Amino acid sequence: MDISKLVGERLKEARKAKNLTQAQVAEKLFMTQQQYSRFENGIFELNYSQIVTLCKLLDTTPNELFNFDASI
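In this text, all values refer to a predicted model and were calculated from it rather than measured experimentally. (Residues numbered from 1 in each chain as written. Predicted model: local features only at pLDDT ≥ 70, side-chain atom pairs only at ≥ 80, totals over all residues. Heavy atoms only, no water.)

*Asks:* In this structure, what is going on with unusual backbone geometry? I would like to understand it.
*Replies:* Working note: non-glycine residues mostly have negative phi, and peptide bonds are mostly trans. With a phi angle near 60 degrees, Phe30 is a residue other than glycine that sits in the positive phi range. Mapped onto the elements of the fold, Phe30 is located in the loop between α2 (22–28) and α3 (33–40). The backbone of Asp59 sits at a positive phi, close to 55 degrees, despite the residue not being glycine. Looking at the secondary structure, you find Asp59 in the loop between α4 (48–58) and α5 (62–66). (Helix = DSSP H or I, 4+ residues; strand = E, 2+ residues; numbered from the N terminus.)

Printed below as a string of structure tokens:
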């Protein structure tokens, strides 16, 4: 699986665990829901500032988002 898609899946899981919509997360990132959905779909990559904001908002860590199985 593509790394961007794997991170997107983890973002989606973390967002749903916090009972947030894509629109709510997008608002915190100062973007549209459509723009944010591209992250969850692995189309666009996150920048440092977005990673920090998402980790705080979703109560996760960069390690949880990017810690990949060595078999990938």
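*Asks:* What exactly am I supposed to notice about α3 here?
*Replies:* Structural remark: α-helix, 3.6 residues per turn; residues separated by three or four positions point the same way. Of all the positions in α3, only Tyr36, Ser37, Phe39 and Glu40 are classed as buried. The buried residues of α3 occupy one face: seen down the axis, they fall within an arc of 150 degrees. Those residues of α3 that are buried lie in contact with α1 (3–17), α2 and α4. Remark: Gly42 follows α3 within two positions and exhibits a positive phi of approximately 75 degrees. (Buried < 20%, exposed > 50% of the residue type's maximum accessible area, 1.4 Å probe, protein only. Arc of directions from axis to C-beta. Contact = heavy atoms within 4.5 Å.)

*Asks:* Could you clarify how one ought to interpret α4 in this entry?
*Replies:* For α4, the full list of buried residues reads Gln50, Ile51, Leu54, Cys55 and Leu58. Taken end-on, α4 shows its buried residues confined to a sector of 130 degrees, consistent with a single buried face. Opposite its buried face, α4 presents the exposed residues Tyr48 and Lys56, each directed more than 90 degrees away. Those residues of α4 hidden inside the fold are in contact with α1, α2, α3 and α5. Its side-chain oxygen at 3.0 Å from the backbone nitrogen of Ser49, Asn47 defines the N-terminal cap of α4. (Polar contact = N/O pair within 3.5 Å; in protein donor to acceptor, adjacent residues only side chain to side chain.)

So yeah, pure geometry; function would need other evidence.
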